[in-house]
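Examining the three-dimensional arrangement
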Amino acid sequence: MGEILRVDQATKTYGKQGEKQYQALKGINFALEEGEFVAVMGASGSGKTTLLNLLATLDKPTSGHIFINHQDNSALNANQLADFRSRQIGFIFQDFNLLENLTNRENIALPLSLRGVPSRRIDPLVEQIATRLGIKQILPKYPAEVSGGQKQRVAAARALVHEPAILLADEPTGALDSTSAQELLDTLADLNQNDGITTLMVTHDPYAASFASRILFIKDGKIGEQLLKSGLARQQFYHLLIDHLGNGE
Ligand code: ADP
Ligand code: MG
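I will try to describe carefully the structure that is included in this document. (Residues numbered from 1 in each chain as written. Chains lettered and ligands numbered in written order. Predicted model: local features only at pLDDT ≥ 70, side-chain atom pairs only at ≥ 80, totals over all residues. Heavy atoms only, no water.)

Digging into the pairing of strand β7 (residues 166–170)
Every other side chain in a regular strand lies on the same face of the sheet, so the side chains alternate between the two faces. In terms of burial, β7 is a largely internal element, five of the five residues being buried. Of the two faces of β7, both are covered, the one formed by I166, L168 and D170 as well as the one formed by L167 and A169. In terms of strand pairing, β7 meets strand β8 (residues 199–203) through four bridges, oriented parallel. Bridge assignment links L168 to a residue of β8, and that residue is L200. In this fold, β7 hands off to helix α6 (residues 178–195), which returns the chain to β8; that crossover is right-handed. (Buried < 20%, exposed > 50% of the residue type's maximum accessible area, 1.4 Å probe, protein only. Helix = DSSP H or I, 4+ residues; strand = E, 2+ residues; numbered from the N terminus. Pairing = 2+ DSSP bridges. Right-handed = clockwise from strand over helix to strand, strands pointing away.)

Comments concerning the packing of helix α5 (residues 148–160) against α6
Think of two packed helices as two axes; the pair is described by the angle between the axes and how far apart they sit. Packing of α5 against α6 leaves a shortest axis separation of 9 Å and a crossing angle of 20°. Judged by the inter-axis angle, α5 sits roughly parallel to α6. In the crossing of α5 with α6, the sense of the turn from one axis to the other is right-handed. On the side of α5, the interface is formed by G149, Q152, R153 and L160, while α6 contributes S180, E183, L184, T187 and L191. (Axes fitted to C-alpha atoms, helices over the stretch in contact; angles between N-to-C directions. Parallel < 35°, antiparallel > 145°, perpendicular 65-115°, else oblique. Left-handed = near helix turned anticlockwise from the far one by under 90°. Contact = heavy atoms within 4.5 Å.)

Section: the site of ligand 1
All residues adjacent to ligand 1 are Y14, Y22, A24, A43, S44, G45, S46, G47, K48, T49 and T50. Interatomic distance of 2.7 Å between a backbone N/O atom of G45 and an oxygen atom of ligand 1. Here an oxygen atom of ligand 1 and a side-chain polar atom of T49 are 2.9 Å apart. Notes on ligand 1: free accessible area 560 Å², of which the protein chains cover 58%. Of all elements in the fold, only β2 (22–33) and α1 (48–55) reach the threshold of two or more residues within the shell around ligand 1. The leading source of residues in the shell around ligand 1 is α1, at three residues. Class assignment of the residues belonging to the shell around ligand 1 gives a composition of four nonpolar, six polar and one charged. (Near = heavy atom within 4 Å. Polar contact = N/O pair within 3.5 Å; in protein donor to acceptor, adjacent residues only side chain to side chain. Areas by Shrake-Rupley, 256 points an atom, 1.4 Å probe, with all protein chains shown as cover. Nonpolar A, V, L, I, M, F, W, Y, C, P; charged D, E, K, R; others polar.)

Side note on the sheet that holds strand β4 (residues 63–68)
Spatially, the four strands line up as an open sheet ordered β2-β1-β4-β5, and their pairing is antiparallel. Looking along the sheet, the strands with just one partner apiece sit at the ends: β2 and β5 (71–72). Pairing geometry for strand β1 (residues 3–14) and β4, over five bridges, is antiparallel. Paired with R6 across the two strands is F67, which belongs to β4.

Some words on the nonpolar core
Counting residues in each nonpolar core, the largest one holds 45 residues, and the members touching the most others are I92, I108, I135, M201 and I215. Once residues within four sequence positions are removed from consideration, I108 is found in contact with V126, I129, I135, L139, V154, A157, R158 and V161. Counting 28 residues, the second largest nonpolar core, distinct from the first, contains L5, V40, L81 and V202. (Core = buried A, V, L, I, M, F, W, Y, C linked by side-chain atoms within 4.5 Å.)

Brief notes about α6
In this model α6 runs 25 Å from its N-terminal to its C-terminal C-alpha over 18 residues, within 8% of the 26 Å that 1.5 Å per residue would give. All of the buried residues along α6 are S180, A181, L184, L185, T187, L188, A189, L191 and N192. Of the residues flanking the start of α6, the one acting as N-cap is D177, its side-chain oxygen 3.1 Å from the backbone nitrogen of T179. Downstream of α6 by one or two residues, G196 has phi in the positive range, about 65°. (Expected span 1.5 Å × (residues − 1).)

Quick notes on the side chain of E171
If you trace the backbone, E171 turns up in the loop between β7 and α6. The contacts of E171, once residues within four sequence positions are left out, are K48, Q94, V202, T203 and H204.

Points about the environment of A82
Here A82 is to be found in helix α2 (residues 78–88). Between the C-alpha atom of A82 and that of K20, which follows or precedes it by 62 residues, the distance is 30 Å.

Printed below as a string of structure tokens:
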């Protein structure tokens, strides 16, 4: 299987030169193979969102390179970047980021309608992903009319409708109650295992991280060692992770 993502010596410094600066990422290196489900786990302020924004091409690294599907993002201009993002990347946010004045159906269709795909081609794709995620019956409703768990499924459908190379998720269960959180994590694991969706999720939550098959730890803008699920059941992996965290990591 091919490499979907490579992060090569990426750094990110906030603040202009001469002003107060803060280096949020200090030389990040890792890669994801096609079909992997990887969690990046770290405390609040460790750089998770900064990293994910670089991967999503919403922000640029101060130095270093990010390759998605072997394409170096820093080589693209703003228009090319927007086009690249709309084809290759799916993104789920902690707070859903749905447009409240659009129906769930219109929200899911957005990545395709923005790209000018005709609605006769969009409709079956929206139906298909909505069926897969169990939200077909709420397509005519507005985001405000459905639960948090359903909103995040709508957001997941929007992130996947254009069949991106990679799904990126920033604390996707952060705003959900524990039952909805578990359902969403089960869904992400199922999409990964059965539909081969390559997924990178950042989280501070060990329970959420235990659904991945590999966990990278980020601390003070640097990635340390990793933990592999390697055949363990999710619950065993969770206990391994808790032990690991208890040992001062
Ligand atoms: P996490 O998502 O792991 O909580 P972030 O990536 O949001 O961490 O933030 C990492 C560090 O960078 C934090 O110390 C944060 O205060 C700082 N930071 C994040 N965004 C900005 C910004 N736009 N300007 C300045 N500092 C920022
Ligand atoms: Mg964050």
